[in-house]
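# Tertiary structure, described
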Amino acid sequence: MPLYALRVSLSHLSFRIPELLSISQLFGFEIKFVSSDKFRSVLVVELEKDEHVERILDRGMMVMSAIKLYASGGSYEELHADLRAHKEYLEPHMDQSWKITFESINHNVTEKRQRETIDTFEWTGLRGPIRLKNPEVEFVIYEDYTFLTEGTHDRDFRLRRDGNFDRVYFGSRIGFGRARPLLNTHSVKTRAYYGNTSMDAEMGFIMTSQTLAAPGKIIYDPFVGTGSLLYAAAHWGAYVIGSDIDGRQIRGKAKGKETVPGVFRAAEQYGVSNQFLDCLVYDVTQSPLRRGGWIDAIITDPPYGVRAGAKRTGKGKSHKKPLLEEPHLLPDGTYSHTREDYVPPFRPYELTNLMLDLILLARYLLVPKGRLVFFLPTVTEEYEAIDIPVVEGMRELKVGEGSVENFGKWGRRLITMEKTATDDGPPPTFEDHPDYADFEKSQERAPGHYQFRDRYFESFKPRVGKVADEVREESEASSASQGPA
Amino acid sequence: MVRLITHNMLTCHVRNCTKDNFPLVFSDVELVVREAPENLDFIRRFLPKLDWAALVDTARSLGDESLPGTQPEEFTDEQLRALHHVLMEMHVEEGKMTCRGCGHIYHISNGIPNMLLAEHEVGR
Ligand SMILES: C[S@@+](CC[C@H](N)C(=O)[O-])C[C@H]1O[C@@H](n2cnc3c(N)ncnc32)[C@H](O)[C@@H]1O
Ligand SMILES: [Zn+2]
């Protein structure tokens, strides 16, 4: 099968392979990763045909351009030897108009050396005319240098480094990444509506890749907030639904009969109003959904409690307190809950409970093979595989060490799960899970995201088992609103 | 929004309300029809998830008589188009959804339904 070299962004490295795999799964083709180091700026893959690399250029958020690979080497001697051994690759291009583009990656090469390098390809004997504008074939040279953060401002250093690339590649241009410009068109900065919980456009699209979003699918965010995870799915043609316990997140500040809720305004801006089936206000633990087995993917950024608190209908700070049995009659003879501004009481929703509930909910709502994609916050050093609750009928799709975004002392890892069960099963009960309530008392190791919010405000001081409510209250009082987005 | 495809998936979830809790009944409705591109494959695929009787009742309560009372075994393209119109193009922007079982009223404003339960209504 033919080889292709992709120029790939160095951001979000651990999300790269999962994204490419998801694209291949979505369009039903095989992809093999040929590069021995899969985390450089150039990634060589094996695909059956050009059409497949076009799909990667359509959807790959981190892919900047792609060439059909004809030869490569650790030096130009090796490269030319490789190309001489495969002269058949050049056969279809011998009489075409052509040009050669020189691209050095993580390093600048002088125009003089670029010209000299291009001249060394004279032996190929291309018969077609050189045409710098719209040639029939554009040959490309990628010189791939190691990315450095230091030293590159020093001229002598740069000169010494010149030519000391890791590898050089030669091939013909297939095209440029068509998904990457979406980072600009969908940038939060220019979005008609956003909030401090909005996910940045790049990560929104990367997460969405994992959902296999496509026309005719239904994708649901149960913690939809300002909707930032749904615009990408809608862009790829999926129908989307969102719900949130806090209607103000969905609506924004504007009030009144004719106002368009914020999330719908942003959907309009992106031309995807028709993809937004609905946004609803409810507590995910008190859900009005009638049945399971009809959602193709769930995508969500659960409340970590750092900025947008995880809460659920109920009373009590650390322990559940009894609720009213009967509606509350106001002095004016009306019931409190029938007032327009009525909001029920909320109690905290511990993250470990929430995570397990989320997976159980996905087990119920998803169609067979449907996907659950979410961020799991974690205190980096304490993370172990056990942190992802095991649920019958759901399995994690993990590539290597997983996809992690690291913020130093804490991180978040993107979890992708697939529903392996073929039935809907019973709806989750959303009761407090007793195992987790006991972490406070026991000396056993708690999952890395246990009481994540408290840990965040304690700057992740190591701890064993016991957590006191005082810490929580103290930290709540003293903490400024500095938090991760 | 609320579209009828969503409405067909919603039930009253008040504690101990298990009878006549579906479908929720629309009243004081402001209905808007917005044309949406057809995806009849999607409609066909979604059919088994629908509650037909509830959908027909609801559509009729909003003045749309295009759906047959009993679900056809095989849908013609024309019937699928009518279904597309009912599910995807009819939006309830303002109004109420009332539970026939317990009487809870769910309010819709600016196309967004408030389905939060009151303190005495949540499961314990
Ligand atoms: C991290 S934010 C999600 C942000 C969202 N991705 C966005 O684009 O803005 C978490 C959201 O979960 C909501 N939330 C917290 N507890 C909830 C619950 N029990 N049910 C539903 N939503 C809840 C919060 O109101 C908040 O909007
Ligand atoms: Zn009811």
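Quick caveat, the model's predicted, so the values are computed rather than measured. (Residues numbered from 1 in each chain as written. Chains lettered and ligands numbered in written order. Predicted model: local features only at pLDDT ≥ 70, side-chain atom pairs only at ≥ 80, totals over all residues. Heavy atoms only, no water.)

## Re the overall build of chain B
A tally of helices and strands in chain B yields four helices and four strands. Going residue by residue from the N terminus, the α and β elements of chain B occur as α-β-α-α-α-β-β-β. A compact globule built from 124 residues should have a C-alpha radius of gyration of about 14 Å, and chain B, at 15 Å, falls within 12% of that. Counting over 124 residues, chain B shows a buried share of 56%. Considering only contacts in chain B between residues 6 or more positions apart, those separated by 24 or more positions represent 68%. (Helix = DSSP H or I, 4+ residues; strand = E, 2+ residues; numbered from the N terminus. Rg over C-alpha atoms; globule rule 2.2 N^0.38 Å. Buried < 20%, exposed > 50% of the residue type's maximum accessible area, 1.4 Å probe, protein only. Contact = heavy atoms within 4.5 Å.)

## Re the pairing of strand 9 (residues 239-244) of chain A
On a regular strand, one side chain projects to one face of the sheet and the next to the other, so that they alternate. Residue and element names in this part refer to chain A. Burial within strand 9 is extensive, with six of its six residues counted as buried. In this structure, strand 8 (residues 218-221) lies alongside strand 9, joined through four bridges in parallel fashion. Looking at the pairing, I218 lines up with Y239 of strand 9. Following the backbone out of strand 8, through helix 8 (residues 230-235) and into the adjacent parallel strand 9, one traces a crossover that is right-handed. One ladder, built from five bridges, connects strand 9 with strand 10 (residues 276-281); its direction is parallel. Among the inter-strand pairings, G242 is bridged to a residue of strand 10, identified as C279. (Pairing = 2+ DSSP bridges. Right-handed = clockwise from strand over helix to strand, strands pointing away.)

## Here's the deal with the sheet that holds strand 3 (residues 105-109) of chain B
Residue and element names in this part refer to chain B. Strand order in the open sheet formed by four strands is 1-2-3-4, and the pairing between neighbours is antiparallel. Each end of this open sheet is capped by a strand with a single partner; those strands are strand 1 (25-33) and strand 4 (112-113). As paired strands, strand 1 and strand 2 (residues 90-98) are joined by seven bridges and run antiparallel to one another. Residue pairing for strand 2: L31 is matched across the bridge by V92.

## Some words on the confidence of the model for chain A
Overall, the predicted model of chain A reaches an average pLDDT of 89, with 88% of residues at or above 70. Contacts from residues 464-485 of chain A, a stretch scored under 50 in pLDDT, to residues over four places away or in other chains number 34 contacts. (pLDDT = per-residue confidence, 0-100.)

## Considering the coordination of the zinc ion (ligand 2)
All names here are of chain B. Looking at the metal site, the zinc ion (ligand 2) is ligated by C12 (SG), C17 (SG), C99 (SG) and C102 (SG), spaced 2.2 to 2.3 Å from it. For the zinc ion (ligand 2), the four donor atoms are set out with angles of 100 to 118° between them, so the coordination reads as tetrahedral. Spacing between the donor residues of the zinc ion (ligand 2) along their common chain follows C-x4-C-x81-C-x2-C. For C99, a relative accessible area of 3% puts it in the buried group. (Donors = N, O, S within 2.8 Å, 3.2 Å for Na, K, Ca; no water. Tetrahedral: all angles 85-135°; square planar, octahedral: opposite > 155°, others 65-115°.)

## Let's talk about the environment of B:L47
All names here are of chain B. Considering the arrangement of structural elements, one finds L47 in the loop between helix 2 (40-46) and helix 3 (52-61). Look at L47 and you get buried, because its relative accessible area is 10%. Sequence separation between L47 and L80 is 33 residues; the distance between their C-alpha atoms is 9.7 Å.

## Thoughts on the UniProt feature "domain: tRNA (guanine(10)-N(2))-methyltransferase TRMT11 N-terminal" (unreviewed entry) in chain A
Following the UniProt record, the feature "domain: tRNA (guanine(10)-N(2))-methyltransferase TRMT11 N-terminal" (unreviewed entry) maps to residues 4-149 of chain A here. Annotated as residues 4-149 of chain A, this span is 28% helix and 27% strand, and its ends, taken at the C-alpha atoms, are 28 Å apart. (UniProt positions renumbered as here; feature names shortened; annotations may be inferred.)

## As for the domain arrangement of chain A
All names here are of chain A. Structurally, chain A comprises domain 1 (3-176) and domain 2 (195-419). Domain 1 and domain 2 are separated by 40 Å when their C-alpha centres are compared. Facing 15 residues of domain 1, the contacting portion of domain 2 comprises 19 residues. In this assembly, domain 1 packs against domain 2 so that about 1,500 Å² is buried in total across both faces, 62% of it on carbon and sulfur atoms. If you sort the residues of domain 1 by the area they bury against domain 2, F15, R59 and M61 come out on top, with a joint share of 40%. One can count zero salt bridges joining domain 1 with domain 2. The interface formed by domain 1 and domain 2 contains eight residue pairs in polar contact (both at pLDDT 80 or more). Looking at the side of domain 1 that touches domain 2, the elements that each hand over two or more residues are helix 1 (16-27) and helix 2 (50-59). (Domains from an automatic or database assignment. Buried area = accessible area lost by both parts, 1.4 Å probe. Salt bridge = Lys/Arg side-chain N within 4 Å of Asp/Glu carboxyl O. Polar contact = N/O pair within 3.5 Å; in protein donor to acceptor, adjacent residues only side chain to side chain.)

## As for the site of ligand 1
Residues and elements named next belong to chain A. With respect to spatial proximity, 23 residues lie near ligand 1, and among them T197, T226, S228, D244 and K311 are the closest. Contact distances for ligand 1 include 2.7 Å between an oxygen atom and a side-chain N or O atom of T226. A distance of 3.0 Å separates a nitrogen atom of ligand 1 from a polar atom in the backbone of V284. Out of a free accessible area of 610 Å², ligand 1 has 97% covered by protein chains. Across the shell around ligand 1, the residue classes tally to 10 nonpolar, eight polar and five charged. (Near = heavy atom within 4 Å. Areas by Shrake-Rupley, 256 points an atom, 1.4 Å probe, with all protein chains shown as cover. Nonpolar A, V, L, I, M, F, W, Y, C, P; charged D, E, K, R; others polar.)

## A few points about the interface of chain B and chain A
Across the boundary between the two partners, chain B contributes 41 residues, which contact 45 residues of chain A. There are 27 residue pairs in polar contact (both at pLDDT 80 or more) connecting chain B and chain A. Taken together, the residues that form the side of chain B that touches chain A break down as 20 nonpolar, 11 polar and 10 charged.

## So, the sheet that holds strand 4 (residues 63-73) of chain A
Residue and element names in this part refer to chain A. Reading across the sheet, the seven strands line up as 2-3-1-4-7-6-5 and stay open at both edges, with mixed pairing between neighbours. Lying at the two open borders of the sheet, with one neighbouring strand each, are strand 2 (32-33) and strand 5 (98-105). Pairing of strand 4 with strand 7 (residues 167-176) involves eight bridges; the strand directions are antiparallel. Paired with A66 across the strands is G175, a residue of strand 7.

## Some remarks on the packing of aromatic side chains
A full pass over the atoms with the stated rule returns 14 aromatic pairs over all chains. Summarising the aromatic geometry, the rings of A:Y239 and B:F42 are spaced 4.6 Å apart at their centres and angled 50° between planes, so their arrangement reads as tilted. You can see A:Y239 sitting in strand 9 and its partner B:F42 sitting in helix 2, one on each of two chains. In this structure A:Y239 comes out as buried when scored by relative accessible area, which is 6%. Following the ring pairs from residue to residue traces out a cluster consisting of A:W98, A:F121, A:F139 and A:F170. (Phe/Tyr/Trp six-rings, centres within 6.5 Å; stacked < 30°, edge-to-face > 60°.)

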